[in-house]
Amino acid sequence: MALLKVKFNQKKRVKLAQGLWLMNWFSVFAGILVFSMGLFLKIELRKRSEVMDNSESHFVPNSLILMGILSCAFNGFAGKICYDSLDPAKFAKWKPLLKPYLALCFFFNILLFFVALICFLMRGSLESTLAQGLKNGMKFYRDTDTPGRCFMKKTIDMLQIEFKCCGNSGFKDWFEIQWISNRYLDFSSKEVKDRIKSNVDGRYLVDGVPFSCCNPSSPRPCIQYQVTNNSAHYSYDYQTEELNLWRRGCREALLQYYSSMMSSMGAVVLLVWLFEMSVMVGLRLLHTSLESITNPEDPECESEGWVLENSLKDTFKSALENLKKIGKFNQVEAGAEGAEGEEGGKTQTVATVS
């Protein structure tokens, strides 16, 4: 029994073709939207590529850009087919291409669905990329005189100001690295010498943070040095002074920013996928309804359209049987080639003995 079997007359076929033509052009615009989202996400990721550890994060925007281009191409082609299907003479040239085209559409929709899922599932990979990238970026914060790294201080400062964050996981991350350049340290000072000697790696570590960690909403002047020393400041307790420094780490802030963006894009791609699936089903109905016309000379006659010629279960069984036949055929061919090789070897041996 055919799946989604529908009876058509000439009027219904024309309406279906016209509706599909319109839907295909809507799908072209949807493809442009997917392409634009991928391009926007790629630009946003490139803006902060200095604080990302690898290029794996660009897989999602690249996939969206590719899917957008393919969507425009497939739906533009389908629109032309639907337009020509109104004229039997024009439609005849498209008939041999329709089955391969529908198979390609099926695989395209599978890819589109997986791209939508990846938009939701990239959070873990993005988090590890940001964690390592921010860690490296903070290490190079002090290298304002080193070629290739001199921009990092500005990048980190602008990032912390824009996203209202501090450090990788929090402001205490700055306590574990030397973020003040040696150029600005007075090595004749006893305090500087003592701090460097007290560290096994010879680094100048302080319980302080860059100015970009300061929260401008704080009612008191920003305390960015001796942050954890309550006795160094009047009426101060660093554990309760929530307004003095940004408490949220930049990894969390960036992860939330990009995750919400990709989740929104994933939802849009899922809607596009549902629309594409409906277009593919409609195109299959149009294809089968035109092929099943019993009298091609009478365009007014009724015909039947379906999505699958047999039930879903029977179609699946038939596909498995075809795959088994292909596998057996390949085994027979391989066996025949092996036998020919053995016979050739025996002939050569006999000739040598002779």
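Residue positions are given per chain, counting from 1 as you read along its sequence in written order. Under the rules for a predicted model, residues below a pLDDT of 70 receive no local features and side-chain atom pairs below 80 are neither given nor counted, while totals for whole chains, interfaces and linings still include all residues. The basis for every side-chain value is the complete set of heavy atoms in the structure, and neither hydrogens nor water enter the calculation.

Digging into helix 4 (residues 95-121)
Thinking step 1. Relative to the 39 Å expected for 27 residues at 1.5 Å per residue, helix 4 spans 40 Å between its end C-alpha atoms, a close match to the ideal helical length.
Thinking step 2. Whether a residue is buried, partly exposed or exposed follows from its accessible area with a 1.4 Å probe, protein chains only, as a fraction of its type maximum: under 20%, in between, or over 50%, in that order. A helix here means a DSSP run of H or I that spans at least four residues, while a strand means a run of E at least two residues long, and both kinds are numbered starting from the N terminus. Taken together, the buried positions of helix 4 are Leu-98, Tyr-101, Leu-102, Cys-105, Phe-108, Asn-109, Leu-112, Val-115, Ala-116 and Cys-119. Here the expected length of a helix is defined as 1.5 Å per residue gap, with one fewer gap than residues.

Digging into the packing of helix 2 (residues 59-84) against helix 8 (residues 250-291)
Thinking step 1. Axes here mean lines fitted to C-alpha atoms, for a helix over just the part in contact, with angles spanning 0 to 180 degrees between N-to-C directions. Relative to each other, helix 2 and helix 8 sit at 25°, their axes nearing to 12 Å. Comparing their axes, helix 8 and helix 2 come out roughly parallel. Our pair here, helix 2 against helix 8, has a crossing hand that is left-handed. For the pair helix 2 and helix 8, the contacting residues are Val-60, Leu-64, Ser-71, Asn-75, Ala-78 and Cys-82 in the first and Met-262, Met-265, Val-269, Glu-276, Val-279, Leu-283 and Leu-286 in the second.
Thinking step 2. The nonpolar class holds Ala, Val, Leu, Ile, Met, Phe, Trp, Tyr, Cys and Pro. Asp, Glu, Lys and Arg form the charged class, and all remaining residues, Gly among them, are polar. Here the contact of helix 2 with helix 8 is built from residues that sort into 10 nonpolar, two polar and one charged. Angles are sorted into four bins: roughly parallel if under 35 degrees, roughly antiparallel if over 145, roughly perpendicular if 65 to 115, and oblique for all others. Crossing handedness: left-handed means the near helix sits turned counterclockwise from the far one by under a right angle, and right-handed means the same turn made clockwise. We call two residues in contact when some of their heavy atoms are within 4.5 Å.

A few points about the pattern of salt bridges
Thinking step 1. We define a salt bridge as a contact between a side-chain nitrogen of Lys or Arg and a carboxyl oxygen of Asp or Glu at a distance within 4 Å. Counted under the stated rule, the structure contains 10 salt bridges.
Thinking step 2. Across the salt bridge formed by Glu-44 and Arg-48, the nearest N and O atoms sit 3.5 Å from each other.
Thinking step 3. For Glu-44, a relative accessible area of 5% corresponds to the buried category.
Thinking step 4. Since its relative accessible area comes to 9%, Arg-48 is described here as buried.
Thinking step 5. Between Asp-143 and Arg-149 there is a salt bridge, with the nearest N and O atoms lying 3.1 Å from each other.
Thinking step 6. The network of salt bridges with common partners includes Glu-44, Lys-47, Arg-48 and Glu-162.

Observations concerning the UniProt feature "transmembrane region" (unreviewed entry) in the protein chain
Thinking step 1. UniProt positions are given in the numbering used here, feature names are shortened, and annotations may be inferred rather than shown by experiment. Here, UniProt's "transmembrane region" (unreviewed entry) annotation points to residues 20-41, 62-81, 101-122 and 255-275.
Thinking step 2. Secondary structure content for residues 101-122 is 95% helix and 0% strand, while the C-alpha to C-alpha distance between its ends is 31 Å.
Thinking step 3. Note that residues 255-275 is 100% helix and 0% strand, and that its end C-alpha atoms are spaced 30 Å apart.

Here we look at the packing of aromatic side chains
Thinking step 1. Note on aromatic pairs: the rings of Phe, Tyr and Trp (six-membered ring only in Trp) are paired at centre separations within 6.5 Å, and the planes decide the class, stacked below 30 degrees, edge-to-face beyond 60, tilted for the rest. Under the criterion given, the structure shown has 13 aromatic pairs.
Thinking step 2. For the ring pair Phe-113 and Trp-273, a centre distance of 4.9 Å and an interplane angle of 45° mean the geometry is tilted. Taken as a pair, Phe-113 in helix 4 and Trp-273 in helix 8 lie far apart in primary sequence, 160 residues in all.
Thinking step 3. A residue is classified by how much of its surface remains accessible, and Phe-113, at 29% relative accessible area, is partly exposed.
Thinking step 4. Plain terms: the ring middles of Phe-163 and Tyr-257 are 5.3 Å apart, the flat faces sit at 75° to each other, and that makes the pair edge-to-face. Of this pair, Phe-163 sits in helix 6 (residues 152-163) while Tyr-257 sits in helix 8, and the two are 94 residues apart along the sequence.
Thinking step 5. The partly exposed category is assigned to Tyr-257, whose relative accessible area is 27%.
Thinking step 6. Pairwise contacts between aromatic rings join Phe-74, Phe-77, Tyr-101 and Phe-108 into one cluster.

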